[in-house]
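Chain by chain, the residues:
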2 protein chains.
Amino acid sequence: MPALPATRLHVHEVAPRDGLQMESVFVPTEAKVAWIDQLSALGYAKIEVTSFVSPAAIPALRDAEAVMRLITRAPGVVYTALVPNVRGGERAIDGRVDEFNLVMSASATHNLANLRMTQAQSFRTLAETTRLAQQAGVAVNVSLSCAFGCPMEGAVPAATVADWVARFADLGVQGVTLCDTTGMADPGQVLALCSATAQAHPTLALTAHFHDTRGLGGANVFAALQAGITRFDASLGGIGGCPYAPGASGNVATEDLVHLLQCLGLDCGMDAEALAPAAQTLGELLGHGLPSAVGRAGPRWRRHPLPADFEQTRERALARELAM
Amino acid sequence: MPALPATRLHVHEVAPRDGLQMESVFVPTEAKVAWIDQLSALGYAKIEVTSFVSPAAIPALRDAEAVMRLITRAPGVVYTALVPNVRGGERAIDGRVDEFNLVMSASATHNLANLRMTQAQSFRTLAETTRLAQQAGVAVNVSLSCAFGCPMEGAVPAATVADWVARFADLGVQGVTLCDTTGMADPGQVLALCSATAQAHPTLALTAHFHDTRGLGGANVFAALQAGITRFDASLGGIGGCPYAPGASGNVATEDLVHLLQCLGLDCGMDAEALAPAAQTLGELLGHGLPSAVGRAGPRWRRHPLPADFEQTRERALARELAM
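Heads up: these notes are all about the structure in this document. Throughout this description, residue numbers start from 1 for each chain and increase along the sequence as written. Whichever chain is written first is A, and whichever ligand is written first is 1; the rest continue in order. Since the coordinates come from a predicted model, pLDDT governs what is reported: local features require at least 70, and pairs of side-chain atoms require 80 or more to be given and counted, while whole-chain, interface and lining totals use all residues. Heavy atoms throughout the structure, all of them, feed into the side-chain values; hydrogens and water do not.

### Thoughts on the interface of chain B and chain A
And step 1. Working rule for contacts: check all heavy atoms of both residues, and any pair within 4.5 Å makes them a contact. Contacts between chain B and chain A engage 62 residues on the former and 62 residues on the latter.
And step 2. When two components associate, each loses some accessible surface as probed by a 1.4 Å sphere; the sum of these losses over both components is called the buried area. Of the roughly 5,100 Å² buried between chain B and chain A on both sides combined, carbon and sulfur atoms contribute 61%.
And step 3. Interface area lost by chain B to chain A is led by B:Arg214, B:Arg300 and B:His304, which between them contribute 14%.
And step 4. By definition, a salt bridge exists where a carboxyl oxygen of Asp or Glu is found within 4 Å of a side-chain nitrogen of Lys or Arg. At the junction of chain B and chain A, the tally comes to 6 salt bridges.
And step 5. We note a salt bridge from A:Glu321 to B:Arg124, for which the minimum N-O separation is 3.5 Å.
And step 6. Two N or O atoms form a polar contact when they lie within 3.5 Å of each other; inside protein one atom must be a possible hydrogen donor and the other a possible acceptor, and for residues adjacent in sequence the pair counts only when both atoms belong to side chains. Inspection of the chain B/chain A interface yields 29 residue pairs in polar contact (both at pLDDT 80 or more).

### Looking at the environment of A:Pro84
All names here are of chain A.
And step 1. Along the chain, Pro84 turns up in the loop between β3 (78-82) and α4 (86-94).
And step 2. The exposure class of Pro84 is partly exposed, given its relative accessible area of 26%.
And step 3. Measuring from C-alpha to C-alpha, the distance between Pro84 and Ala133 comes to 12 Å, with 49 residues separating the pair along the chain. A run of H or I in DSSP becomes a helix once it reaches four residues, and a run of E becomes a strand once it reaches two; helices and strands are each numbered from the N terminus. Exposure categories follow from relative accessible area, calculated using a 1.4 Å probe and restricted to protein chains: below 20% of the type maximum is buried, above 50% is exposed, and the middle band is partly exposed.

### Points about the relation of the copies chain B and chain A
And step 1. Least squares is the method used to superpose the copies, on C-alpha atoms of residues holding a pLDDT of at least 70 in both. Once chain B is rotated about the relating axis by 180 degrees and shifted along it by 0.0 Å, it coincides with chain A to within an RMSD of 0.0 Å. Such a turn and shift between the copies fits a two-fold axis. Relative to the rotation axis, the closest C-alpha in chain B is found at B:Ala219, a distance of 1.7 Å.
And step 2. The overlap is high: 100% of the interface residues of chain B also sit at the interface in chain A, so the same surface is used on both sides.

### Some details on the sheet that holds strand β5 (residues 139-145) of chain A
All names here are of chain A.
And step 1. A strand pair is defined by DSSP finding two or more bridges across the two strands. The strand order around the closed barrel formed by 8 strands is β1-β2-β3-β4-β5-β6-β7-β8, and the pairing between neighbours is parallel. Across the sheet, the axes of successive neighbouring strands diverge by a mean angle of 25 degrees, strand direction being ignored.
And step 2. Sheet topology places β3 next to strand β4 (residues 99-105); 3 bridges connect them, and they run parallel. If you follow Ala81 over to β4, its bridge partner there is Phe100.
And step 3. A fitted line through C-alpha atoms serves as each axis, taken over the contacting stretch for helices, and the angle formed by two N-to-C directions is quoted from 0 to 180°. Strand contacts of helix α2 (residues 29-40): β1 (10-13), β2 (46-51) and β3, with the helix running at about 165 degrees to β2, the strand carrying the most contacts.

### Side note on the packing of helix α8 (residues 187-200) of chain B against helix α9 (residues 217-226) of chain B
What describes two packed helices is the angle between their axes and the distance between those same axes.
All names here are of chain B.
And step 1. Where α8 meets α9, the closest approach of the two axes is 8 Å, and the angle between their N-to-C directions is 30 degrees. Viewed along their axes, α8 and α9 adopt a mutual orientation that is roughly parallel. In the packing of α8 onto α9, the handedness of the crossing is right-handed. Here α8 contributes Pro187, Val190, Leu191 and Cys194 to the contact with α9, which in turn contributes Ala219, Asn220, Ala223, Ala224 and Gln226. Working definition: roughly parallel below 35 degrees, roughly antiparallel above 145 degrees, roughly perpendicular at 65 to 115 degrees, and oblique for all remaining angles. Helix crossings fall into two classes, left-handed where the near helix is turned counterclockwise from the far one by less than a right angle and right-handed where it is turned clockwise.

### Some words on empty space enclosed by the protein
And step 1. Here a cavity denotes a set of grid points, spaced 1 Å apart and computed over the protein atoms alone, in which a 1.4 Å probe fits but from which it cannot get out, and a pocket denotes an open set meeting protein on both sides within 12 Å along at least five of seven lines; residues with an atom within 4 Å of a point are reported as lining. Grid points are joined across faces, edges and corners, and a volume is the space filled by probe spheres set on the points. Evaluation of the coordinates by the stated rule reveals 3 cavities of 30 Å³ or more.
And step 2. Estimates place the volume of the largest cavity at around 90 Å³.
And step 3. In terms of lining residues, the largest cavity is bounded by 14 residues, among which B:His12, B:Lys46, B:Thr80, B:Asn101 and B:Asp233 are the most central.
And step 4. Among the secondary structure elements, those contributing two or more residues to the lining of the largest cavity are β1 (10-13), β2 (46-51), β4 (99-105) and β5 (139-145) of chain B.
And step 5. Broken down by element, the lining of the largest cavity gets its largest block of residues, 3 residues, from β2(B).
And step 6. Partitioned by chemical class, the residues of the lining of the largest cavity number 2 nonpolar, 7 polar and 5 charged.
And step 7. Lining the second largest cavity are A:Arg214, A:Gly215, A:Leu216, B:Asp212, B:Gly217, B:Gly218, B:Val221, B:Val252, B:Ala253, B:Asp256, B:Leu257 and B:Leu260.
And step 8. Those elements that place two or more of their residues in the lining of the second largest cavity are α9 and α10 (254-263) of chain B. Residues are grouped as follows: Ala, Val, Leu, Ile, Met, Phe, Trp, Tyr, Cys and Pro are nonpolar; Asp, Glu, Lys and Arg are charged; all remaining types, including Gly, are polar.

### Concerning α4(A)
Residue and element names in this part refer to chain A.
And step 1. For α4, the set of buried residues is Gly88, Gly89, Arg91 and Ala92. End-on view of α4: buried residues confined to an arc of 160 degrees, all on one side of the axis. In α4, the exposed positions angled more than 90 degrees off the buried face are occupied by Arg87 and Asp94.
And step 2. Among the structural elements, α3 (64-70), β4 and α6 (119-136) are those in contact with the buried residues of α4.
And step 3. The N-capping residue of α4, defined by a side-chain oxygen 3.3 Å from the backbone nitrogen of Arg87, is Asn85.
And step 4. Positioned one or two residues after α4, Arg96 has a phi angle of 55 degrees, which is positive. For this quantity, the arc is that covered by the directions from the helix axis to the C-beta atoms.

### A closer look at the pairing of β5(A)
Residues and elements named next belong to chain A.
And step 1. Counting buried residues in β5 gives 6 out of 7 residues, a clear majority hidden from the surface.
And step 2. Pairing of β4 with β5 involves 7 bridges; the strand directions are parallel. Residue pairing across strands places Glu99 opposite Ala139, the latter belonging to β5.
And step 3. Across 4 bridges, the pairing between β5 and strand β6 (residues 175-179) is parallel. Its bridge partner being in β6, Val142 is matched across the sheet by Val176.
And step 4. Running through helix α7 (residues 158-170), the crossover from β5 to the neighbouring parallel element β6 is right-handed. If you view a crossover with the strands going away from you and the path from the first strand over the helix to the second runs clockwise, you call it right-handed.

### So, the sheet that holds β4(B)
Residue and element names in this part refer to chain B.
And step 1. As summarised here, the arrangement of the 8 strands in space is β1-β2-β3-β4-β5-β6-β7-β8, forming a closed barrel in which the pairing is parallel. Neighbour-to-neighbour, the strand axes of the sheet open up by a mean angle of 25 degrees, direction not taken into account.
And step 2. Where strand β7 (residues 205-209) meets strand β8 (residues 231-234), 3 bridges bridge the pair, whose relative direction is parallel. Along β8, the bridge assignment pairs Thr207 with Arg231.
And step 3. The strands touched by helix α7 (residues 158-170) within the sheet are β4, β5 and β6 (175-179), with β5 carrying the most contacts at an inclination of about 165 degrees.

### What to know about the packing of aromatic side chains
And step 1. Only centres within 6.5 Å qualify two rings of Phe, Tyr or Trp (six-membered ring in Trp) as a pair; their planes then separate them into stacked at under 30 degrees, edge-to-face at over 60, and tilted for everything else. All told, the structure shown has 8 aromatic pairs over all chains when counted by the stated rule.
And step 2. Ring centres 5.8 Å apart and planes at 50 degrees place the aromatic pair A:Phe148 and A:Phe210 in the tilted group. Separated by 62 residues along the polypeptide, A:Phe148 in the loop between β5 and α7 and A:Phe210 in the loop between β7 (205-209) and α9 (217-226) bring together distant segments of the chain. In this pair, the class of A:Phe148 matches that of A:Phe210, namely buried.
And step 3. A connected cluster of aromatic rings, assembled from ring pairs, spans A:Phe123, A:Trp164 and A:Phe168.
And step 4. Criterion for a charge above a ring: Arg CZ or Lys NZ at most 6 Å from the ring centre, at most 35 degrees from the ring normal. A cation sits over an aromatic face here: A:Arg62 above A:Phe26, 3.8 Å from the ring centre.
And step 5. Here B:Arg167 stacks its cationic end above the ring of B:Phe123, 4.0 Å away from the centre of that ring.

### So, α9(B)
And step 1. The buried count for α9(B) comes to 10 of 10 residues, which makes it a mostly enclosed element.
And step 2. Those residues of α9(B) not exposed but buried are B:Gly217, B:Gly218, B:Ala219, B:Asn220, B:Val221, B:Phe222, B:Ala223, B:Ala224, B:Leu225 and B:Gln226.
And step 3. At its buried positions, α9(B) is contacted by α8 (187-200) and α9 of chain A together with α8, β7, β8 and α10 of chain B.
And step 4. A positive phi of about 90 degrees marks B:Gly228, the residue just after α9(B).

### What about the pattern of salt bridges?
And step 1. Applying the stated rule across the entire model yields 22 salt bridges over all chains.
And step 2. The salt bridge involving A:Lys32 is made with A:Asp63; its shortest N-O contact spans 2.8 Å. With a gap of 31 residues between them, A:Lys32 in helix α2 and A:Asp63 in the loop between β2 and α3 connect regions that are remote in the sequence.
And step 3. Note that B:Glu90 is salt-bridged to B:Arg87, the shortest N-O span being 3.6 Å.

Listed below in structure tokens is the structure:
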């Protein structure tokens, strides 16, 4: 039986960026900031605060500068933001982000559809943006989309993923996130790909990012733990998704991830039940329910009351017992 | 990394009994029989057809005799039914079931609340009913509820589960199902409990029965596979649940289970997509949607179309490439 990690685990909240960008409402800046401040108290290792893409491209995140300026930063939390290019990187540096989160896709088709660039163009942009971060002394993480499959192309070979990760490592980035963008990963594949990546790059901070599209979010987290992964993206309430995979549900819910880690006796410095008020805030801001399973059912340690007729039932059963 | 089972896996459909008993509608006998006949063609190892409890107790299954008489039995499929006591066993023998599925709970509280008997009374009944089956040459499986925890009592010690399984084995039953009745299991616990049970009883046919209450159905199946379990209960569409755990979602959906096994390259003789027509029938009979994730999102090998503007996007990107 593979040992699970004995070290502290790192939970990364992606709802403010990866989640909100899929929502049709604009959450007002003040409310967004208050909600992120609420998140900052919950024990996250990292919070993806916003995105420095063009405000026209993602109106939901058009207040990136204001949000970065107005949040109260908790000690020990890494405040990261999505950075699409050098122009975005300059804005992110002005916003004093702790980390650039750069993105490209392991699938050529998805890269074109999502980023409107060829993979060669994306990599060039990513390398330039990494140099800017390095000059400014800011850390860089690269999120590799479709690392476990592309909804349009199908399977993405493990060798393709290995090539891209090696190219990112050669740029000197601190971390890489393997993203199962549309929920195509299975736990066998996760064990194999995460183990191979960790072995090839022992000094890279590897993060796993799963979606619960086909009921395998928890299984993939468990497999990644078995592969030694200690950093996980998750989205409060399970919001998020991908525009190229209709019917796909969102990211693994943070409540569900933290609950699983707690059930396994692993330490991530967080408590699934303590997330409920922030999830309630989020649901009110969005005006709809959230898909998190633990949000609905409660953690497994919550006791349910006895049925109203329980004492009568017991007395009757014991009376039959004596009559025998 | 633990090896997954190399042998054929057995999928047991429990929706006709465990699923329908939670539904408020009565599915007319003819429609129920036609639907079960549809299931019989899909590759299941076992189908739990009905329950020989008192018709007053579970009106949804009041047509047990008629259903057993009218279904067309596919060769190789085991047709089992829930049998609560000797009286039910006599009816089940008349109905020519292949197997009695007997139930009791590893939790004293849940046993009283659900079966209205003490565990001692339940075990006595179970032993008498097993003798009846043995006299009639009918196989016996015991489904042990709350083997991974009780929603009212909390944790159920592994030693308690081991004791009950040993007592069932001593009666000479063929199989035992470890049931996570309200979705409290985690994959670490599943690995430990399933491995220990399989090692203690190498000749017993062990089945795992999970609920997806807290997003861990798939994770628990994966862990059970790592423990060498080759038999799984599942419910088409993910229907079912437990009256003592409000908010709990249903059984692991058969579509989700089969999809996971297919993704892992394991052979269960079934295809997740081939379940769709039977799931559609079920949704129409019940008049509501079904919670299966794969039912909603489709299997991971389903390709999504390219965005409408994909060719334009590509041409523009390539033109920029040439201009550089």
